[in-house]
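# Reading the structure
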Amino acid sequence: MTRAWVAAVLRAPSPHRIGAIVMLALPVLLPLALGTSRLQAVAVLGAITALFAYSLNVVFHYGGLLSVAHGGLWGVGAYTMALTVKHWDLALWPALLLAAALGAVVAVLIGIPSFRTAGIYFLVLTFAFGEFLRFLLQEWRSLTGGPNGLVVVAEDPSLLGFTFDSLTRLYFLMLAFAYLGLLCNFLVGRSRLGRRLLAIREDETLARASGVPTFRTKLTAFAISGALAGIAGALFQVHQRGLTPTLFDPFLVLSVVLAIILGGTGSLYGPLIGAFTLTFLPELLGLSPEDSRLAYGALLVVFVLVLPGGILVAGSRLAGLGRRHPPYSPSPEARAVDAGAPRPSMADRGAEIVTGERP
Amino acid sequence: LLALLAVACGSGTTEPDSGDAGGDTEAADPATSDAAATEGSEGDTEEAEEFAGQIKIGANLELTGPIQPLAQAGLDGVELAVAEINEAGGVDIGGEAYEFVTVVRDDQADAARSATNAQELVRDEGVKVIIGPLGTAGNQAQLPITSAEGVMTFSNDPTLDKPLSDDEADPLYEYAFKTQELARRLFENYFANLDQVYPEAKTLAVLASDDASGQGVATLIDSLLAEGDGLELLATETFPIDAADMTPFLTRIRESEADIVYQCCAVAQNVAIGQQLVELDAAPAYWAAGLTGATYTGVVEALGSDPEQIFVGALSGPDVGMDVGDERREELAQKITEVLGREPTSQAFVSAHTYQIMYLLAEAMEMAGTFEDTDAIIESLIGLERDDIYGTAFYTPQHFLAHPSEMLRIEDGEVTRAVIPALPVE
């Protein structure tokens, strides 16, 4: 499948191929532009946020499901990392696996009751579960340290003798995981699971009637998404080291949703670009929390109403790379109807109405 | 993103500076202090020419958010002391005068931002001392970064209490200092204070915010009173720190019929909560963390009349914001206004702590003959006494500041004060 992805990138029309390569290369080149530790630390957070955005994108983009419980799932991953290192002195990689597994399990446990509902009820239920998880982190004091949180400083992560002992190195590790999230999204999009999810997103009743096992499909997607959220949380702990439950507010999810919309919901690179943009924006503009919230709200309105394709579509249009749809031109019949003529009947339009028993 | 990259390139031109005479630090010029506090702006100082170099002091404080008044007060104390020390010739290190400069960053009460600020202060600015963050989440996020680099930190984080009082301190806390007393010692003093200013109080109800500070204090009070302090704890209510309406919590507290309500730690809401307590007649007396004369005045203004309730302020420093006839307190308030060009905040007693700490630090650096070797500075700092605005204070080997505590009782605008000297250090 990885080959298929590479092949798809190479097969793409030239401007899009260039666009894809640029999208993938920009974050890799980012450290060259970051001269201070502060901005390097922000970039690390950007990469982790990108992975979290990809986690959410599995259910949000493909399945059309907005889960607010992901704030809690990200917390589960972070605390799993902190606790396994603290109590079992577990190395990064097995701890990451455990965080992913626990994220997936908790996601399934949340998904089972939540997928019995839809729309606003699903949103409310996942919000309740997200709050419950945060509450658990806050109140299970003997395990999590309660509101005081946990500070766990592990050894710098290493792989095959290479130690990620600087912010730049840590950034590349986190970026690799963000690309893993991107790859995961690509694979989901190309798989039967992705097609089923898209069918559910477009019309769940129709999908079910067509034989799509909707509940199982959504649950599988939620488990994958939960695993990625768990990994994102665990990586956040590796970087942040000090955890408090307030870091895992369900409303955090809304800013990540904004990142996805900002980057472009339909684009594979949207979450990546959106996450970096949203992480750097308050930093570069020096926005206060209140200003940030105001700016997020304004951006959400602008992008939903004016630029629904996000930064990438807006950028490619500006660069003249995007597909341009021909201007809307109504048919002569439609123009006549608009002018007040009676709508032609089905028979007038050539439809043959057959009555009688089914042969 | 390209545009962002370009901006990032621009901001990335500030080269990391770990030396003692970095050019891109803030001036201690009072005229620039406001901008510095909010934006962390930087500029050269003309006075730098008179000094052999600069000693950067980092401030990573919650200058926006729920504990802004505390953080701003902390910054006021730092900047006032810095201005005075520089005016008096700076810090004498090995016979040469060095200028203090503050590098201020606002963590916006956000733990992730606190860590980012710490990365910048430690690695880009090369500071060896950071004042703040005062709250738990920010401090916990900062400590792994500062302790690894041997950077001294000063915070009011209540979770510091345990490691600082342990026999075998965690290396994470080796360079961590508290800006005031251990909470347990402080509350032991407070209960003694309370017995002096409000002896009729026999029962207590606690109204605690749901953050680390509020919950930590609620747990501490519970355990202290369980040991038989004399007061009986009747109820504990937890409220979301950003909640504006305390009606459900105060109503339940009213049902407990406690003699006094203790609120912690939504200091920015002291006036609003005090007003609601009076309106609901939730208890005969209101005691709050950081409750000062300014709180009382605010409630009176909001109500349009004096409340019947007694207001009790538990302070680990002086109530700078209120005219109580103490010359030193009035002097500090006046200096903040004159030198920094801004009014003291409602929590200006915190200014007294950070003001005193900066003087202690300057003296410790002079004694150690260094501003970079924090181990040597700590060795000089421990036990160094300074008699200042609220009496004699000193850092103990456990890294907390031993100092007197005091309590105000405000009734019909009349103030009664009880001051208890620092508890002996074991």
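Our subject is the structure listed above.
This text gives an overview of the structure that appears in the document.

Rules of the game
- Residues numbered from 1 in each chain as written.
- Chains lettered and ligands numbered in written order.
- Predicted model: local features only at pLDDT ≥ 70, side-chain atom pairs only at ≥ 80, totals over all residues.
- Heavy atoms only, no water.
- Salt bridge = Lys/Arg side-chain N within 4 Å of Asp/Glu carboxyl O.
- Helix = DSSP H or I, 4+ residues; strand = E, 2+ residues; numbered from the N terminus.
- Buried < 20%, exposed > 50% of the residue type's maximum accessible area, 1.4 Å probe, protein only.
- Patch = residues over 30% accessible without salt bridge, like charges linked within 9 Å, V, L, I, M, F, W, Y side chains within 5 Å.
- Areas by Shrake-Rupley, 256 points an atom, 1.4 Å probe, with all protein chains shown as cover.
- Lys, Arg positive; Asp, Glu negative; His and termini not counted.
- Charge placed at Lys NZ, Arg CZ, Asp CG, Glu CD.
- Disulfide = S-S within 2.5 Å.
- Contact = heavy atoms within 4.5 Å.
- Buried area = accessible area lost by both parts, 1.4 Å probe.
- Phe/Tyr/Trp six-rings, centres within 6.5 Å; stacked < 30°, edge-to-face > 60°.
- Pairing = 2+ DSSP bridges.
- Axes fitted to C-alpha atoms, helices over the stretch in contact; angles between N-to-C directions.

Below, the discussion takes up the pattern of salt bridges. The tally for this structure, following the rule as stated, stands at 23 salt bridges over all chains. A salt bridge links E79 of chain B to R342 of chain B; its shortest N-O distance comes to 2.6 Å. Remark: R342 of chain B occurs in the loop between α12 (327–340) and α13 (349–368) and E79 of chain B occurs in helix α3 (residues 68–87); sequence separation between them is 263 residues. Each member of the pair, E79 of chain B as well as R342 of chain B, is classed as buried. The salt bridge partner of R409 of chain B is E411 of chain B, with a shortest N-O separation of 2.8 Å. Judged by relative accessible area, R409 of chain B falls into the buried class, the value being 10%. Connected through shared salt-bridge partners, R38 and E283 of chain A together with K56, R105, R113, E120 and E125 of chain B make up one network.

Moving on, we come to a negative patch on the surface. Judged by side-chain charge, E174, E372, D373, D375 and E379 of chain B come together as a negatively charged surface patch. Structurally, the position occupied by E174 of chain B is in the loop between α6 (161–165) and β6 (176–178).

Residue and element names in this part refer to chain B. Applying the stated criterion to the full structure yields one disulfide over all chains. A sulfur-sulfur distance of 1.7 Å marks the disulfide that ties C264 to C265. Here the disulfide of C264 and C265 is right-handed, its torsion about the S-S bond being about 50°. By the burial criterion, C264 is buried, and C265 matches it.

A few words on the environment of P282 of chain A. Its location among the elements puts P282 of chain A in helix α13 (residues 270–285). Since its relative accessible area comes to 6%, P282 of chain A is described here as buried. With residues up to four places along the chain from it excluded, the contact list for P282 of chain A reads L287, S292 and Y296 of chain A together with R113 of chain B.

Let us now look at the interface of chain B and chain A. Tallying the contact residues gives 37 residues for chain B and 35 residues for chain A. With both chains or domains summed, chain B and chain A bury close to 3,100 Å², and 62% of this area falls on carbon and sulfur atoms. Connecting chain B to chain A are two salt bridges. With a shortest N-O distance of 3.6 Å, R113 of chain B and E283 of chain A are connected by a salt bridge.

Under the definition given, this model contains 26 aromatic pairs over all chains. Taking 5.9 Å as the distance between ring centres and 65° as the angle between the ring planes, the aromatic pair formed by Y79 of chain A and F248 of chain A counts as edge-to-face. In this pair, Y79 of chain A sits in helix α4 (residues 70–88) while F248 of chain A sits in the loop between β4 (242–243) and α12 (252–263), placing the two residues 169 residues apart along the sequence. Both rings, one in F187 of chain B and one in F191 of chain B, keep their centres 6.2 Å apart while their planes meet at 55°; by these two values the pair is tilted. Residue F187 of chain B and its partner F191 of chain B are both found in helix α7 (residues 183–197); the two are separated by four residues, about one turn of the helix. Summarising the burial analysis for this pair, F187 of chain B and F191 of chain B share the class buried.

Once that is clear, we can look at the side chain of R113 of chain B. Looking at where R113 of chain B falls in the secondary structure, it is placed in helix α4 (residues 111–124). You can call R113 of chain B buried: its relative accessible area is 15%. Those residues in contact with R113 of chain B that sit more than four places away from it in its chain are R38, P282, E283 and L287 of chain A together with D106, D107 and Q108 of chain B.

A few words on the sheet that holds strand β1 (residues 53–61) of chain B. Residues and elements named next belong to chain B. Spatial ordering of the open sheet is given by β2-β3-β1-β4-β5-β6, a layout of six strands whose pairing is mixed. Either end of the sheet is taken by a strand with one partner, and the two such strands are β2 (91–93) and β6. Adjacent strand axes in the sheet meet at a mean angle of 30°, parallel and antiparallel pairs treated alike. In this structure, β1 lies alongside strand β4 (residues 129–131), joined through three bridges in parallel fashion.

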